[in-house]
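Report on the structure
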Amino acid sequence: TLTGKTALVTGSTSGIGLGVALELARQGANIVLNGFGEVAQASERVSAEAVALRYHDADLGKPEQIAAMMAYVQAEFGGLDILVNNAGIQHIAKIEDFAPEKWDAILAINLSAAFHTSRLAIPAMRARGWGRIINIASAHGLVGSTGKSAYVAAKHGLIGLTKVAALELAETDITCNAICPGWVRTPLVEKQIEARAQAEGIATAQAQRALLAEKQPSHEFVTPEQIGQLVLFLCSPAASQVRGVAWSIDGGWTAQ
Ligand code: NAD
């Protein structure tokens, strides 16, 4: 059980982040949600687990807003025990057509934000003598795909950051690991399914099958709940010597 522990999950109003927050809440952790969109709906689902719940609206592309969020967590709960860096965005275009401001936004939200939250969380974790930092990377942290230069670069970078954090914290009870999901059916992926259906003039269901068939040998989506369960394992005593890994949960994507 995680009773008495406080967890911040960035980008947790939807998709994987919400799934992770729900699993942590079911284990009794205090939860801090972050992200845009369906805030009320996400809050309602997490508070149904009867944990202490807070929300902060920091835009993770903005370091000063990240600092405000970290100070808020400290003020509300006196510390942070579990940090899940999950917020992420996607943009697809060939390198020569890729808008530079999209590149900057993806690097800021998908990579630099995890540096800033970690930088600000580690001192208090050291003081309390325990911590878990879990970075939601991607199969694209391990292999590339066309059209995803910024995303693939950011996710490879996030795995690099994970390794360095794990080494710097190796002699403490603070671990840092990355999780590398394959396709999970979230709004981020639904947009890609729709784009594919449009581009190829096919039905949504057919586009979904094509998307899976291209990359994911199981032909099945990973679920947010499964990723939440992996987060719970990484938070457990059994995982105290799992350090600096990039753990795939991808239906076989990166086994190819
Ligand atoms: P999603 O679009 O459902 O959720 C993204 C979350 O991030 C939302 O809560 C959104 O409000 C928040 N967010 C976006 N920009 C933000 C910003 N600037 N500041 C704060 N919050 C912001 O996407 P998802 O699929 O659940 O993705 C979550 C993470 O998982 C991302 O890092 C993504 O790269 C990664 N991932 C997803 C898949 C997949 O197949 N869905 C696969 C591998 C990795």
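Residues numbered from 1 in each chain as written. Predicted model: local features only at pLDDT ≥ 70, side-chain atom pairs only at ≥ 80, totals over all residues.

Digging into unusual backbone geometry
As a rule of thumb, non-glycine residues mostly have phi less than zero, and peptide bonds are mostly trans rather than cis. Non-glycine residue His-219 carries a positive phi angle of around 60 degrees. Relative to the helices and strands, His-219 is located in the loop between helix 7 (204–215) and helix 8 (224–235). With 11 C-beta atoms counted inside 10 Å, the residue His-219 sits in the exposed group. (Helix = DSSP H or I, 4+ residues; strand = E, 2+ residues; numbered from the N terminus. Buried ≥ 20, exposed ≤ 12 C-beta atoms within 10 Å, placed from the backbone.)

Here's the deal with the domain arrangement of the protein
Domain annotation of the protein identifies domain 1 (6–184 + 223–255) and domain 2 (185–221). A C-alpha centroid distance of 24 Å is found between domain 1 and domain 2. Tallied by class, residues from the side of domain 1 that touches domain 2 come to 4 nonpolar, 7 polar and 1 charged. (Domains from an automatic or database assignment. Nonpolar A, V, L, I, M, F, W, Y, C, P; charged D, E, K, R; others polar.)

Section: the packing of helix 4 (residues 100–128) against helix 5 (residues 149–168)
Remark: helix 4 packs on helix 5, axes separated minimally by 9 Å, with the N-to-C direction vectors making an angle of 15 degrees. Between helix 4 and helix 5, the interaxial angle falls into the category roughly parallel. Both helix 4 and helix 5 take part in a crossing whose hand is right-handed. On the side of helix 4, the interface is formed by Lys-102, Trp-103, Ile-106, Leu-107, Asn-110, Leu-111, Ala-114, Phe-115 and Ser-118, while helix 5 contributes Ala-150, Tyr-151, Ala-154, Lys-155, Gly-157, Leu-158, Leu-161 and Ala-165. Here the contact of helix 4 with helix 5 is composed, by residue class, of 12 nonpolar, 3 polar and 2 charged. (Axes fitted to C-alpha atoms, helices over the stretch in contact; angles between N-to-C directions. Parallel < 35°, antiparallel > 145°, perpendicular 65-115°, else oblique. Left-handed = near helix turned anticlockwise from the far one by under 90°. Contact = placed C-beta atoms within 7 Å.)

Digging into the site of the ligand
Every one of the 29 residues lining the ligand counts as a neighbour, but Gly-11, Gly-15, Gly-35, Gly-88 and Thr-186 are closest to it. Among the elements of the structure, helix 1 (15–26), helix 4 and helix 6 (187–200) are those that each provide at least two residues to the shell around the ligand. A per-class count over the shell around the ligand returns 13 nonpolar, 15 polar and 1 charged. Counting contributing residues per domain, the shell around the ligand is built from domain 1 (6–184 + 223–255) and domain 2 (185–221), each supplying no fewer than three. (Near = placed C-beta within 6 Å.)

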